[in-house]
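Below, each chain spelled out in residue letters.
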Amino acid sequence: MSDQHSAAHAAEQAETRWVWIVAAIIALLLGMMAYMSLHWITMPPQRMETVNPGTLHLAGEFVEANLGSATEADGSITVRLVGSQYSFTPQCVVVPADTPIVIRATSADVVHGFSVTGTNVNVNLVPGYVSTFHAHFQKTGDHTMPCHEFCGIGHAAMWAHVKVVDKDTYARLAQKQGRLSCAEHS
Ligand code: CUA
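The present account deals with the structure reproduced in this document.

So, how was this worked out
Residues numbered from 1 in each chain as written. Predicted model: local features only at pLDDT ≥ 70, side-chain atom pairs only at ≥ 80, totals over all residues. Heavy atoms only, no water. Helix = DSSP H or I, 4+ residues; strand = E, 2+ residues; numbered from the N terminus. Rg over C-alpha atoms; globule rule 2.2 N^0.38 Å. Buried < 20%, exposed > 50% of the residue type's maximum accessible area, 1.4 Å probe, protein only. Phe/Tyr/Trp six-rings, centres within 6.5 Å; stacked < 30°, edge-to-face > 60°. Pairing = 2+ DSSP bridges. Contact = heavy atoms within 4.5 Å.

## Structural notes on the overall build of the protein chain
Scanning the protein chain from N- to C-terminus turns up 2 helices and 11 strands. Starting at the N terminus and walking to the C terminus, you meet the elements of the protein chain as α-β-β-β-β-β-β-β-β-β-β-β-α. Its C-alpha atoms give the protein chain a radius of gyration of 26 Å, more than 25% over the compact-globule value 16 Å for 186 residues. Across its three principal axes, the protein chain shows a C-alpha extent of roughly 95 × 40 × 35 Å. Per-residue burial over the protein chain gives 33% buried out of 186 residues.

## Side note on the packing of aromatic side chains
Under the counting rule described, the total for this entry stands at 1 aromatic pair. Pairing Phe-88 with Phe-114 gives two aromatic rings, centres 5.6 Å apart and planes at 85°, and the pair type is edge-to-face. Here Phe-88, found in strand E4 (residues 87-89), pairs with Phe-114, found in strand E7 (residues 112-115); they are 26 residues apart in sequence, far enough to count as distant.

## Section: the pairing of strand E11 (residues 159-165)
Where strand E5 (residues 92-96) and E11 come together, 5 bridges link them in parallel fashion. Opposite Pro-96, over in E11, you have Val-165 as the bridge partner. For strand E10 (residues 141-146) and E11, the ladder comprises 6 bridges, and the chain directions are antiparallel. Its bridge partner being in E11, His-143 is matched across the sheet by Val-162.

## Observations concerning the side chain of His-112
Along the chain, His-112 falls in strand E7. A relative accessible area of 0% places His-112 in the buried class. Non-local contacts of His-112, meaning those with residues more than four positions away in its chain, are made with Gly-83, Ser-84, Gln-85, Ser-107, Asn-124, Leu-125, Cys-147, Glu-149, Cys-151 and Met-158.

Given below as C-alpha cells:
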C-alpha cells in the first residue's frame, strides 16, 4: 500500500515538474512575441518606403517614362517596374550581365509578385510600398518573369521577360535612350 502510494506521489511530482516546464516554454514564447511586437512598433524597418498607388502614373518615380533600366553614376543599374492586373510594365526588362542591379518595384492595384526563372530574384509587390531587390546576373540569356501571387482571374497570364545581354551590348543600347526596356521586341 505504501509502495503504491509513493509511486503515485513520484508520478505526481513528475507531472507537476512538466507542467512548470511547459508553462515556462509558453511564457518564453509569449515573451518573445511581446518583445518583438514592441520592438517593431518603436523601431520600424528603416528601409520601408511608401508610395501612393493611386497616382503612380501621374507623378514621381514610377511614371511610365521612368520605368525600365537606368544606368546610375556608379555604373550600377536600377530597374523600375510596376505590376498591375494583369501585366508588368515594362513587359520586357533588359539588363547587362555581371553588373550590380537594383530592382525597385511596386503595384498599382493588388498584391503581385515575381520571380525570374533560373535566378534567386523573387520580389513581392504590395500596393503602397516600394520593394527593393539586389540582383546580379552572371550570364547572358533570356528568362521569364511570372507573377507568383494570385492576383485575380488573369494571374496565370501575367508575366514578363528578362533579357540579360553582355555589357557592351547594353552600353550601346543605353546610348540611344535614357530608360531601357526590350518591350517592343518581345
Ligand atoms: Cu499578378 Cu498574379
